[in-house]
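Topology and contacts: notes
The chain contents come next:
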Amino acid sequence: RSGSAGDGIGLGLAIVDRACKLLDHPLNLHSTVGRGTSFTVGLPLATAADLPATVTPEVERIGTSEIAGDRIALLVENDEELRRAVALLLERRGIDVLEAASGEEAQDLLREIGIAPDYYLIDQQLGSGMTGVETARALHRTHGARPTRIITADRSAETLNAAVAAGLEVMFKPLDINALEDFLWQEVASDLRPGD
């Protein structure tokens, strides 16, 4: 489920579905042609005796299987073929992907849908607009800090210094799939760690 600014991407329902899965509430749909569609969310009645005991969550890594937790990533990459390839890779791991070709488009998209993703993956060279580091800074200011990686083939001191000055880590092209998975799993594990 990917989208770009201006597309009807149906993310409203995706967000509701995500919340229902996290809360373990059933989401149902009833539709009648020509009359309309209704959605219902099931909320169980509970007493204190029904509350579950605290369970220590465990994160189990299974290679190319889905990442634990239903996550959304913002992927900003001006190379359309590479953007689609990375988006498909993420989607195969159970991550919903929002796609943008520039920092400006990314800002417009998040403003339009009104949500902040769980991850930012941002190419450094985005054409004539903002750089990846500038895009990350702008997104962090507007939507709050999120786990972020600057993606680049440029290993120059200038690019590395810009990322370091912004407190951002760099992931070099060609992308190492294991490094990408490590980044995604590290954030899931930190969210599920007891006491955090």
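Residues numbered from 1 in each chain as written. Predicted model: local features only at pLDDT ≥ 70, side-chain atom pairs only at ≥ 80, totals over all residues. Heavy atoms only, no water.

**A few points about the pairing of strand β8 (residues 169-172)**
- By the bridge criterion, four bridges tie strand β7 (residues 148-152) to β8 in an arrangement that is parallel. Paired with I150 across the bridge in β8 is V170.
- Taken together, β7, helix α5 (residues 157-165) and β8 constitute a β-α-β crossover, and its handedness is right-handed. (Pairing = 2+ DSSP bridges. Helix = DSSP H or I, 4+ residues; strand = E, 2+ residues; numbered from the N terminus. Right-handed = clockwise from strand over helix to strand, strands pointing away.)

**Observations concerning the pairing of strand β4 (residues 71-76)**
- With respect to burial, β4 is a largely interior element, six of its six residues being buried.
- Side chains R71, A73 and L75 project from β4 onto one buried face, and the interleaved I72, L74 and V76 project onto a second face that is buried too.
- Relative to strand β5 (residues 95-100), β4 runs parallel, the two sharing six bridges. Residue pairing in the sheet places L75 in a bridge with E99 of β5.
- Crossover handedness for the path β4 to helix α2 (residues 80-91) to β5: right-handed.
- Across four bridges, the pairing between β4 and strand β6 (residues 119-123) is parallel. Within the sheet, the bridge partner assigned to A73 lies in β6 and is Y119. (Buried < 20%, exposed > 50% of the residue type's maximum accessible area, 1.4 Å probe, protein only.)

**Focus on the side chain of R149**
- With respect to the secondary-structure elements, R149 resides in strand β7.
- A relative accessible area of 9% places R149 in the buried class.

**Considering the pattern of salt bridges**
- Taken as a whole, this structure holds eight salt bridges when the rule is applied.
- For R93, the salt bridge goes to E181, with nearest N and O atoms at 2.5 Å. Here R93, found in the loop between α2 and β5, pairs with E181, found in helix α6 (residues 177-192); they are 88 residues apart in sequence, far enough to count as distant.
- R93 gets classed as buried once you look at its relative accessible area, which sits at 7%.
- Between R149 and E169 there is a salt bridge whose closest N-O contact spans 3.6 Å. Here E169 lies in strand β8 and R149 lies in strand β7, a separation of 20 residues in the sequence. (Salt bridge = Lys/Arg side-chain N within 4 Å of Asp/Glu carboxyl O.)

**Some points on the nonpolar core**
- If you look at the biggest cluster of nonpolar residues, it comprises 18 residues, and the most contacted ones within it are L74 and I122.
- Secondary-structure elements contributing two or more residues to this core are β4, β5, α3 (103-113), β6 and α4 (132-143).
- Among residues more than four places away in sequence, those in contact with L74 are L98, A106, L109, L110, P117, Y119, Y120, L121 and L139.
- In terms of nonpolar packing, the next biggest core, distinct from the first, is built from 15 residues, L75, A87, Y119 and I151 among them. (Core = buried A, V, L, I, M, F, W, Y, C linked by side-chain atoms within 4.5 Å. Contact = heavy atoms within 4.5 Å.)

**Structural notes on α2**
- Taking 1.5 Å of rise per residue, twelve residues should cover 16 Å, and α2 covers 16 Å from first to last C-alpha, within 8% of that figure.
- Where α2 is concerned, the buried positions are R83, V86, A87, L89 and L90. Seen end-on, α2 carries its buried residues on one side only, within an arc spanning 160°. Those residues of α2 that are exposed and aimed more than 90 degrees away from the buried face are E80 and E81.
- Looking at where α2 begins, the residue whose side-chain oxygen comes 3.1 Å from the main-chain nitrogen of E81 is D79. (Expected span 1.5 Å × (residues − 1). Arc of directions from axis to C-beta. Polar contact = N/O pair within 3.5 Å; in protein donor to acceptor, adjacent residues only side chain to side chain.)

**Quick notes on the confidence of the model for the chain**
- Put simply, the chain has an average pLDDT of 78, and 73% of its residues get 70 or more.
- Confidence over residues 1-9 falls short of pLDDT 50; this stretch has 26 contacts with residues more than four positions distant or in other chains.
- Overall, residues 52-65 carries pLDDT values under 50, and its contacts beyond four positions in sequence, including any with other chains, amount to 18 contacts. (pLDDT = per-residue confidence, 0-100.)

**Overview of α3**
- When we look at burial in α3, the residues that qualify are G103, A106, Q107, L109 and L110. The arc enclosing the buried residues of α3, seen along the axis, measures out at 165°, which places them on a common side.
- Positive phi appears at G114, one or two residues downstream of α3, with a value of about 75°.

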